[in-house]
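# An overview of the molecular structure
Take a look at the letters that make up each chain.
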Amino acid sequence: MSVQPKQIFLNGERLTVISSENKNIYVEHYNVSNPTIPQLVKSSSYPFDLISSRRIDSKLYLVMNGEMSNPGLDYDIKINYDEWPKCDDKGKPKDESSKFLNAVNSVKNNDREIIQKLTVDKLYPRVNGNISCSAISRSPSTLGTNLLVIITEDLEDSTKKNSVSALLGNGGTVYASTNGLYVASVANYLGLSKSDVGPSTIVHHFEYKDQIPSYTGSAKVEGVLIGNTFAGSRTSERFSMNQFAMSEYENFFRIATNTMDENGSDNKVGVFSHRA
């Protein structure tokens, strides 16, 4: 699979190109003081899916999703179906099959050994070799097992170390202001249909502290962002884009959502204030 350009930013004589290939993000910074001969200044790569990126002043914010790795458990007992124990009308085995039970126990023991050897490092992707557990926040409102990661790169000083902010959960639409970042995703509850529990939009807020996003909290509102199209998974539906359904004014955050049921649809506007 070839590298696909995603976004570019031009800041004076500095050009930033963001591209992706097979769930890897590549960021390249060029000096274009001579546009005919761009000079590569700095490059970096991350094992994530790009949600979106924003540039504010001299900072580049990369908002990405990192998937939890599958531990590779084996569920195949490797016995033909006709060799399985026969059951009566109440679901109880008519006879014991030592071959079947031994095969089940063998699979259980092998999987138990894999689980016991699992570590957080093996399950979650890493940035530049390390994301400490203390750097990962968790919201009581969020659903999903992805890792929402925000990388901050300095566009003026290529010697500065990149900063990492991480939140357990799935990310979707991004809205940015000069005060902070908002990342919205839509969560449904497994085992319940949308007619039982309608989808809710989860919004995570990151406030800039010394220009670095720091997680401050989450809010949940009924419905989905107005104007979005489905682009997600069964555990956390991610809606592709309508950042204009979110806005910020002074110390208030506003979000426009739509709900739909058998009686029709309804539009709502939620207004939230930041806690001091």
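Before reading further, recall that the structure is shown in the block above.
Residues numbered from 1 in each chain as written. Predicted model: local features only at pLDDT ≥ 70, side-chain atom pairs only at ≥ 80, totals over all residues. Heavy atoms only, no water.

### Points about the pattern of salt bridges
One pass over the structure, following the stated rule, counts five salt bridges. A salt bridge links Lys117 to Glu113, with the shortest nitrogen-to-oxygen separation between them at 3.3 Å. Each of Lys59, Asp154 and Lys160 takes part in a single network of salt bridges with overlapping partners. (Salt bridge = Lys/Arg side-chain N within 4 Å of Asp/Glu carboxyl O.)

### Focus on the packing of aromatic side chains
Taken as a whole and assessed by the stated rule, the structure comprises four aromatic pairs. For the pair Tyr61 and Tyr208, a centre-to-centre distance of 5.2 Å together with 25° between the ring planes defines the contact as stacked. One end of the pair, Tyr61, is in strand 6 (residues 59–66); the other, Tyr208, is in strand 12 (residues 200–209), with 147 residues separating them in the sequence. In this structure Tyr61 comes out as buried when scored by relative accessible area, which is 2%. Overall, the relative accessible area of 15% leaves Tyr208 in the buried class. Between Tyr182 and Phe253 the ring centres are 4.2 Å apart and the planes differ by 10°, which places this aromatic pair in the stacked class. With a gap of 71 residues between them, Tyr182 in strand 11 (residues 180–187) and Phe253 in strand 16 (residues 252–261) connect regions that are remote in the sequence. For the pair Tyr182 and Phe253, one class covers both residues: buried. Taken together through their ring pairs, the aromatic side chains of Tyr175, Tyr182 and Phe253 make up a single cluster. (Phe/Tyr/Trp six-rings, centres within 6.5 Å; stacked < 30°, edge-to-face > 60°. Helix = DSSP H or I, 4+ residues; strand = E, 2+ residues; numbered from the N terminus. Buried < 20%, exposed > 50% of the residue type's maximum accessible area, 1.4 Å probe, protein only.)

### Here we look at unusual backbone geometry
Unlike most non-glycine residues, Asp210 shows phi in positive territory, near 55°. Within the secondary structure, Asp210 sits in the loop between strand 12 and strand 13 (212–222). Of note, Gln211 is a non-glycine position whose phi angle comes to about 70°, a positive value. Checked against the element boundaries, Gln211 lands in the loop between strand 12 and strand 13. Given the relative accessible area of 34%, Gln211 is considered partly exposed.

### Brief notes about the sheet that holds strand 5 (residues 49–56)
Pairing within the open sheet is mixed, and its five strands lie in the order 5-6-8-9-7. With partners counted over all chains shown, the strands left at the sheet margins are strand 5 and strand 7 (136–138), one partner each. Strand-to-strand, the axes of this sheet are offset by a mean angle of 20°, without reference to chain direction. With three bridges joining them, strand 7 and strand 9 (residues 163–168) adopt parallel strand pairing. Its bridge partner lying in strand 9, Ser137 is registered against Leu167. (Pairing = 2+ DSSP bridges. Axes fitted to C-alpha atoms, helices over the stretch in contact; angles between N-to-C directions.)

### Quick notes on the environment of Ser265
With respect to the helices and strands, the residue Ser265 is situated in strand 17 (residues 264–273). Linking Ser265 and Gly223, residues 42 residues apart in sequence, is a C-alpha distance of 9.9 Å. Not counting the four nearest positions on each side in its chain, Ser265 is found in contact with Asn258, Thr259 and Met260. (Contact = heavy atoms within 4.5 Å.)

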